[in-house]
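Fold and geometry: a report
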Amino acid sequence: MKRSILIIFATALCVGMGSKASAQQGRTMLNINYSVNTPTGSFNSDVISNTSFRGWNLSVLYGLSDKFSIGAQAGFNDFSEKFPRKVYDTKGGAISAVLSNSVQTIPIQVKAKYNFLPNAPVQPYVAAGVGGNIAMYNQYLGVFSNSGKTKFGFAATPEAGINIPFGKNSASGINIGANYNYMPFSYQGIKNLNNWGVFAGIKLPLK
Amino acid sequence: MKRKSGMILSIATAGLSLLILSSCTKDPIRNLSDDESRIYITNYDSTAQFGAFKTFSISDSVAVISNGELKEKTQTDADAALISAVKDNMQQRGYQLVDKNNNPDLGISVNKIISTQTGIMSYPSYWGYYNTYWDPYYWGYGGYDYYFPYSSYAVYQIKEGALSIDMVDLKDVNANKEIKGIWNGLIRGEAIFNSANAASQIKALFDQSPYIKSVN
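For every chain, the first residue of the written sequence is number 1, and numbering continues from 1 along that sequence. Written order determines the labels here, with chains lettered from A and ligands numbered from 1. Whole-chain, interface and lining totals are the exception, using all residues; otherwise, since this is a predicted model, local features are given only for residues with pLDDT of at least 70 and side-chain atom pairs are given and counted only at 80 or more.

1. Details of the nonpolar core
We call a set of buried Ala, Val, Leu, Ile, Met, Phe, Trp, Tyr and Cys residues a nonpolar core when their C-beta atoms link them within 7 Å. As a rule, residues whose C-beta atom has 12 or fewer other C-beta atoms within 10 Å are exposed, those with 20 or more are buried, and those in between are partly exposed; C-beta atoms are placed from the backbone. Within the largest apolar cluster, 55 residues are counted, with the highest numbers of intra-cluster contacts made by Ile-95 of chain A together with Tyr-40, Leu-82, Val-86, Leu-106, Ile-108 and Ile-202 of chain B. The contact partners of Ile-202 of chain B, leaving out residues within four places of it in the chain, are Leu-82, Ala-85, Val-86 and Asn-89 of chain B. C-beta atoms are placed from the backbone for every residue, and two residues are taken to be in contact when these atoms lie within 7 Å.

2. As for the pairing of strand β2 (residues 55-66) of chain B
Residue and element names in this part refer to chain B. Note: β2 against strand β4 (residues 96-97), 2 bridges, orientation parallel. In the strand pairing of β4, Phe-56 is matched with Leu-97. By the bridge criterion, 8 bridges tie β2 to strand β5 (residues 106-114) in an arrangement that is parallel. If you follow Ser-57 over to β5, its bridge partner there is Gly-107. By definition, two strands form a pair when at least two bridges between them are found by DSSP. Under the scheme used here, helices are H or I runs from DSSP no shorter than 4 residues and strands are E runs no shorter than 2 residues, and both carry numbers assigned from the N terminus.

3. Things to note about the confidence of the model for chain B
In regions of low pLDDT, the predicted coordinates are not meant to be interpreted in detail. For chain B, per-residue confidence averages 83 on the pLDDT scale, and 79% of positions sit at 70 or higher. Model confidence for the complex is summarised by a pTM of 0.81, with the ipTM given as 0.79. pLDDT: the predictor's confidence for each residue, scored from 0 to 100.

4. What to know about helix α6 (residues 198-207) of chain B
Of the positions making up α6 of chain B, those classed as buried are Ala-198, Gln-201, Ile-202, Ala-204, Leu-205 and Phe-206 of chain B. Contacts made by the buried residues of α6 of chain B are with β4 (93-115) of chain A together with β1 (39-44), α3 (77-92), β7 (161-169) and β8 (178-188) of chain B.

5. Some remarks on α3 of chain B
Residue and element names in this part refer to chain B. Expected helix span is taken as 1.5 Å per residue step, with the number of steps being one fewer than the number of residues. In this model, α3 (16 residues) spans 22 Å end to end at C-alpha, consistent with the 22 Å of a helix rising 1.5 Å per residue. Every buried residue of α3 is listed here: Asp-79, Leu-82, Ile-83, Ala-85, Val-86, Asn-89 and Met-90. Down the axis of α3, the sector holding all buried residues measures 155°, keeping them to one side. Residues Asp-77 and Gln-92 are exposed on α3 and point more than 90 degrees away from its buried face. Immediately beyond the C-terminal end of α3, within one or two residues, lies Gly-94, with a positive phi of roughly 95°. The directions from the helix axis to the C-beta atoms form the arc being described.

Following this line, the structure appears as structure tokens:
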């Protein structure tokens with residue numbers, strides 16, 4: 001898998017190398033980030049509290065002007081937690097089990113981004129994505145599947161961060177930022193899969 | 001032209017990346033130990049007065065039920081360990097072990113359920129054929145039939161192996177010639193037929209069933 005990601009990065013780099021100018025207008029940029037996400041609210045207290053270190057997001061944005069760009073983004077986060085053995089009461093009896101919860105979220109959104117200082121060495125920005133979310137929830141008692149649900153829901157993702165170009169005239173650079181994923185998900189008492197994330201990655205011009 | 005190829009490349013890159021990224025899911029149950037893999041399910045008849053029973057008897061062999069049919073009754077070391085563990089726990093709860101010919105209040109059987117078919121065997125069907133595994137005659141009640149009031153609660157389906165410990169009320173067999181099941185302990189997971197795990201497995205079933213206690 002690592003090799004496949006390297007190939008993607010290499011492909012993206014090759015495409016990006018030819019471009020030098022930093023102006024964003026008329027340019028299509030690819031952003032790929034590694035992301036660490038932490039459940040919040042009832043997702044944290046009722047389903048999974050563990051921080052996920054298996055997360056990614058990527059976006060393709062077209063510059064309408066040097067400051068403003070629009071496009072699409074997609075992401076993936078894998079959350080899981082194993083709870084120690086406990087006896088759970090059931091109707092007419094009890095079950096003793098190690099319980100595991102597993103959640104995957106795949107938001108697919110339209111995105112808008114505003115870059116405050118497009119020519120600065122460090123460029124702060126704000127962005128927001130709105131769209132859908134493929135969310136998968138599975139619960140296991142021991143090795144046995146207890147319940148599971150895949151739903152397509154809503155997702156909104158406000159974001160803030162900085163871009164640091166590789167050089168004064170380079171369109172490529174580093175991304176560092178944080179976002180909040182608002183993800184309603186109603187199933188068996190679960191209300192949402194809201195989480196916040198920090199991410200870092202690279203930004204490359206596609207043409 | 002250049003613009004178009006760039007667009008196609010970006011879409012292809014995004015698609016390919018998504019595919020790879022979503023394969024990063026960690027299998028939540030892959031790293032469970034054998035002990036963690038096991039689940040213990042108990043069902044009981046809430047109307048039963050467990051304190052009113054004084055004596056019990058337990059089968060001397062384990063019934064092996066494959067795809068809903070009794071295949072054999074076995075007495076392996078693992079079977080003996082299971083039967084012995086049930087005896088120990090019952091005695092600790094104040095019940096007296098007697099021979100099955102001495103009118104025990106409770107009858108207990110141990111059953112190994114194996115499903116080799118690709119389909120799923122549901123629990124109600126396990127109880128539905130109970131008299132073919134343990135003829136009521138075994139307990140001295142020829143011509144009677146079993147009745148399990150909690151079978152509808154046993155929604156867990158059996159896909160491979162399971163151990164089922166069943167307790168029936170022989171004290172209150174009624175005019176309808178029914179022998180009522182009052183408690184069931186079910187064990188599923190890895191290494192459940194291993195004799196080294198017998199004592200801890202049976203203890204887990206009793207630990208979550210504190211109401212099984214004689215007032216002897």
